[in-house]
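Summary of structural features
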Amino acid sequence: MENVNTLEDVIKLVAKTGLFFAKVDGHYSEREREFLKSYTAQLVNAGGTEEEVRRILGDMEQQNITLDEVVADTRQVLAQLTPKDARIVKLMLYSYINDVVTADGDDCAAEKAAFVAWNKALY
């Protein structure tokens, strides 16, 4: 697979994962929304254009995303990478999920349970 396609797959995975965890408690707060908007802004600042980012992410924010879908997509992306790169992406996702879960300042049982389930499924 081409590196550009793999990079796009990782970008989609990060966005989808973040959205799943932001919405898992049934409350997609403004703080969580802003946290994920900053992710999009960082993609643009890293050299992408608004159009490229919109093309890659599409209407993902409107989708109903499940844990099974996030885990399957994560496994698919990790399978495309070398073991070293896969380990780095898993660590990055772990840190990112933790940031999303704590972004709204709430101690939410649903988010924590989903994080544990994600972690068990991938480690």
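Residues numbered from 1 in each chain as written. Predicted model: local features only at pLDDT ≥ 70, side-chain atom pairs only at ≥ 80, totals over all residues. Heavy atoms only, no water.

Right, let's get into the overall build of the chain. Each helix and strand counted, the chain has 6 helices and 0 strands in total. Helices (α) and strands (β) of the chain occur, in sequence order from the N terminus, as α-α-α-α-α-α. Considered along the principal axes of its C-alpha atoms, the chain spans approximately 40 × 35 × 20 Å. Classification of the 123 residues of the chain by burial places 38% in the buried group. (Helix = DSSP H or I, 4+ residues; strand = E, 2+ residues; numbered from the N terminus. Buried < 20%, exposed > 50% of the residue type's maximum accessible area, 1.4 Å probe, protein only.)

Attention shifts here to the side chain of Thr74. Looking at the element boundaries, Thr74 is found in helix α4 (residues 67-79). Contacts of Thr74, omitting those with residues within four sequence positions, involve Leu13, Leu93, Trp118 and Leu122. (Contact = heavy atoms within 4.5 Å.)

This part takes up the confidence of the model for the chain. The predicted model of the chain has a mean per-residue pLDDT of 87, with 97% of residues at 70 or higher. Ranking the elements of the chain by mean pLDDT puts helix α3 (residues 50-57) last with 80 and α4 first with 96. (pLDDT = per-residue confidence, 0-100.)

So, about the packing of helix α2 (residues 30-45) against helix α5 (residues 83-103). The geometry of α2 relative to α5 is characterised by a closest axis approach of 8 Å and an angle of 145° between their N-to-C directions. Contacts between α2 and α5 involve Arg31, Glu32, Phe35, Leu36 and Tyr39 from the former and Tyr96, Asp99, Val100 and Ala103 from the latter. Of the residues in the contact of α2 with α5, the class split is 6 nonpolar, no polar and 3 charged. (Axes fitted to C-alpha atoms, helices over the stretch in contact; angles between N-to-C directions. Nonpolar A, V, L, I, M, F, W, Y, C, P; charged D, E, K, R; others polar.)

This next bit is on α3. The complete set of buried residues in α3 reads Val53, Ile56 and Leu57. One side of α3 carries all its buried residues, which in axial view fall inside an arc of 85°. Set apart from the buried face of α3 by more than 90 degrees, the exposed residues are Glu51, Arg54 and Arg55. After α3 finishes, the residue Gly58 shows a positive phi value of roughly 55°. (Arc of directions from axis to C-beta.)

Glancing now at the environment of Asp68. Structurally, the position occupied by Asp68 is in helix α4. Sequence separation between Asp68 and Ser38 is 30 residues, and the spatial gap between their C-alpha atoms is 26 Å.

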